Amino acid sequence: MAIRTTTTRTTPLASVVSGDEIPQGLENDLVDLTFEEVVAAYFDCRRTKRNSVHARVFEFNLEKNLFDLYEELLSGSYRIESSTAFVVERPKIREIWASSFRDRIVHHVIYNRLSPRFYPSFIRNSFACIPGRGTLDGSDRLWSGMRSITHNGRDRAYFLQGDVRNYFVSINKDILFRLLTPRIHEPWLLDLTTQVLFHDPRINCLCKSTPEEFSRVPRHKSLWNAPLSCGLPIGNLTSQFFANVYLHELDHFVKHALKAKYYFRYVDDFVILDPCPARLNDHFLRISEFCTEKLALELHPFKKRIAPIDQGIDFIGFVHKPWFRRLRSRTAGKMAAIVKQWENDPACYQPASLLKLRGSLNSYFGIARSASTYRLRRRLGERVSSLFIAPDKGYTKVLIS
């Protein structure tokens, strides 16, 4: 089998281990998983986790750890390790359940096998955790749809916006399993997917946040209070992928049963455009019925919004109108807060801090330059100008001199 490589991998697979070195008797004819797939999953996993403690511990004895994991997957003896739970406050307070680095590699093994079987059937206007379909692509598609349905702002049209209530905590694992199984043909992959899907991360988990911090998470949004048959842990690649598979059914219902031409979904948030507000209201009722009967989900009753398009649609980080889009005020505030912290903390002038500041600002500048934010970027860029860090001429990014 050809070794899979990407531009993000800087270490040749041959330098890690040779396929000829696999011990005799390790191969299992009933399992078509190759060692190259495990190595490829490792490189995918470490791409954004290279500097984490767990990644470094795993890499310290890389060859043995990869062989051991491969052997467990072949023999069926692989078992999930304990998760780490903690609370984050941005963009809003929520629980994160982080799997061990070893388990993350297994998640990539599952994802690399299953994603090519599902992605071709996903509708084009489904975004998030799909290669090439991030927030900017979703914003561009919605913005294009708004201009199209209003004929560049000349005609009146409306939008329906809604989302699923407590989505990740409410996902029914039995329903999700029935959606996954028709496209899983390998018994070992089915067993592995079943183990990951039905694993309860609350068992023997390590809690890094204090009980007071966990108590700040709303009870209905906490996995601690979810029934055993429901809920996916936020923080795992498989959870993101499974969440897309779950609402893939809703996408096809909206497109084929409701015949909604302008429909856009990002995770559990969706927008529908239509010239008739009464039809949008009917769409909401039918979507609510479908989610309840087929997916055991509930639409959030207080987040339903039907309004003229020219009032602006707040979706995927931007506020969209047919003739322009602007950055969310909350995102602009975060950019200003980073700059203010840098101005008031002398330690930020150290080289390591400057590199971190540059990375944070450039990530926000990358989002902001896709909207009408030149004055905001110029104002913040001028504030960080110094002997060590300064914006480029177009205020699209900051540089360290």
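All values derive from a computational prediction rather than experimental measurement. (Residues numbered from 1 in each chain as written. Predicted model: local features only at pLDDT ≥ 70, side-chain atom pairs only at ≥ 80, totals over all residues. Heavy atoms only, no water.)

**Concerning the sheet that holds strand S3 (residues 126–127)**
Taken in spatial order, the five strands of this open sheet run S3-S6-S7-S4-S8, and their pairing is mixed. Only two strands of the sheet have a single partner each, and these edge strands are S3 and strand S8 (305–308). Sheet topology places strand S6 (residues 262–266) next to strand S7 (residues 269–274); five bridges connect them, and they run antiparallel. Among the inter-strand pairings, Arg265 is bridged to a residue of S7, identified as Phe270. (Pairing = 2+ DSSP bridges. Helix = DSSP H or I, 4+ residues; strand = E, 2+ residues; numbered from the N terminus.)

**Re helix H11 (residues 237–257)**
With 21 residues, H11 extends 30 Å between its outermost C-alpha atoms, agreeing within 8% with the 30 Å of an ideal straight helix rising 1.5 Å per residue. Most pronounced at Leu247, the bend in H11 amounts to some 30°. At the C-terminal side of H11, Lys259 shows a positive phi close to 60°. (Expected span 1.5 Å × (residues − 1). Bend = angle between axes of the 7 residues up to and from the residue.)

**Regarding the packing of aromatic side chains**
Enumeration over the complete set of coordinates arrives at 18 aromatic pairs. Of the aromatic side chains, those joined through ring pairs into one cluster are Tyr111, Phe118, Tyr119, Phe122, Phe241 and Phe242. Between Arg147 and the ring centre of Trp143, over which it is positioned, the NZ or CZ distance is 4.9 Å. Lying across the ring of Phe318, Arg325 places its NZ or CZ 5.3 Å from the centre. (Phe/Tyr/Trp six-rings, centres within 6.5 Å; stacked < 30°, edge-to-face > 60°. Lys NZ or Arg CZ within 6 Å of the ring centre and 35° of its normal.)

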